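# Results of the structural survey
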Amino acid sequence: MTITNGFLFQIKNLHAEINGMKILKGLNISIKSGEIHAIMGPNGSGKSTLAKIIAGHPSYTITEGEIFLESQNILTLDPTIRSHLGIFLAFQYPVEIPGVSNIDFLRLSLNSKRKYENLEELDPLMFLKLITDKLNSINMDNRFLNRNVNEGFSGGEKKKNEILQMALLNIKLAILDETDSGLDIDALKVVARGISKLINQDNGIILITHYQRLLHYITPDFVHIMQDGVITYTGNSELAKKLEKTGYEFFQSV
């Protein structure tokens, strides 16, 4: 695996805007394989914008900067290609897809990636064995497979379904945008366990969150405070606990 300067993922001096409004104003972040980075910040600081830009959302204009996955600058790549390369964005509010069964959606997603990698596509029986193994690895019920994608799912079930997608697609970098939003404590624990099982020495995770509660169950290697389009402060997991006590205003003067 070739990595730029020892990093799995890097953003260098990223500036971005939408409809003429500047959102990101020189953001930098570097992630090594096996690391979990939490990004926290007040509403309007640019956290969700950052997640969408990494995934390749077309509404944002990049005016300066670079984004590297391993040795490749992905800034100009189509979102589909970024996905095939291993970028995965878990949405705050996953969409429902009526009429499409989860098992068909997952098989088509995997086979699309395998086709890009010049690998043989999996037939339904081969896929069923693989997805059953993935379900067992993250302790999920196989009843998920025969339901329509996210249709009628609770908030917790939708988030679990995205963890299953991450496990199946063998991601390089997962960006979880407020994945704790709308979860009760039991669902939060299940999702956190699933995330913890997926981190390994070949991938990395960005957790975007407002609150400390997710970080009670997942210990990040680094916590970044994001304000007004830039990362203003970086620390270890203890930073999130301090932030919960002091609020963001304290770090504006640091």
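Keep in mind that what you see is a predicted model, and the values were worked out from it rather than measured. (Residues numbered from 1 in each chain as written. Predicted model: local features only at pLDDT ≥ 70, side-chain atom pairs only at ≥ 80, totals over all residues. Heavy atoms only, no water.)

### Focus on the nonpolar core
Applicable threshold: In plain words, nonpolar cores are sets of buried Ala, Val, Leu, Ile, Met, Phe, Trp, Tyr and Cys residues tied together by side-chain atoms within 4.5 Å. A simple rule labels every residue: compare its accessible area, found with a 1.4 Å probe on the protein chains alone, to the largest value its type can have, and call it buried under 20%, exposed over 50%, or partly exposed in between. Any two residues having at least one pair of non-hydrogen atoms within 4.5 Å are treated as being in contact.
The biggest cluster of nonpolar side chains holds 44 residues, and the ones touching the most others in it are Phe127, Met166, Leu176, Ile195 and Leu207. What Phe127 contacts, discounting residues up to four positions off in sequence, is Ile103, Leu106, Arg107, Leu110, Leu122 and Leu168. In this structure, Ile31, Ile206, Ile208 and Met226 belong to the second largest nonpolar core, which totals 28 residues.

### Structural notes on empty space enclosed by the protein
For clarity, the threshold we go by: Cavities and pockets were defined on a 1 Å grid built over protein atoms only: a cavity is a set of grid points that admits a 1.4 Å probe from which the probe cannot escape, a pocket is an open set flanked by protein on both sides within 12 Å along at least five of seven lines, and lining residues are those with an atom within 4 Å of any such point. Grid points are joined across faces, edges and corners, and a volume is the space filled by probe spheres set on the points. Numbering of helices and strands runs from the N terminus, with a helix taken as a DSSP run of H or I at least four residues long and a strand as a DSSP run of E at least two residues long.
Throughout the structure, instances matching the rule amount to one cavity of 30 Å³ or more. Computed from the structure, the largest cavity encloses a volume of approximately 40 Å³. Lining the largest cavity, in full, are Ile138, Met140, Lys160, Ile163, Val190, Val191 and Gly194. Among the elements of the structure, helix H5 (155-169) and helix H6 (185-198) are those that each provide at least two residues to the lining of the largest cavity.

### Here's the deal with the packing of aromatic side chains
Note the cut-off: Between 30 and 60 degrees the pair is tilted, below 30 it is stacked and above 60 it is edge-to-face, where a pair is any two Phe, Tyr or Trp rings, Trp via its six-membered ring, whose centres lie within 6.5 Å.
As enumerated under the stated definition, the model contains one aromatic pair in all. Taking the centre distance of 5.5 Å and the plane angle of 80 degrees together, the rings of Phe144 and Phe153 count as edge-to-face. The exposure class assigned to Phe144 is buried, which follows from its relative accessible area of 7%.

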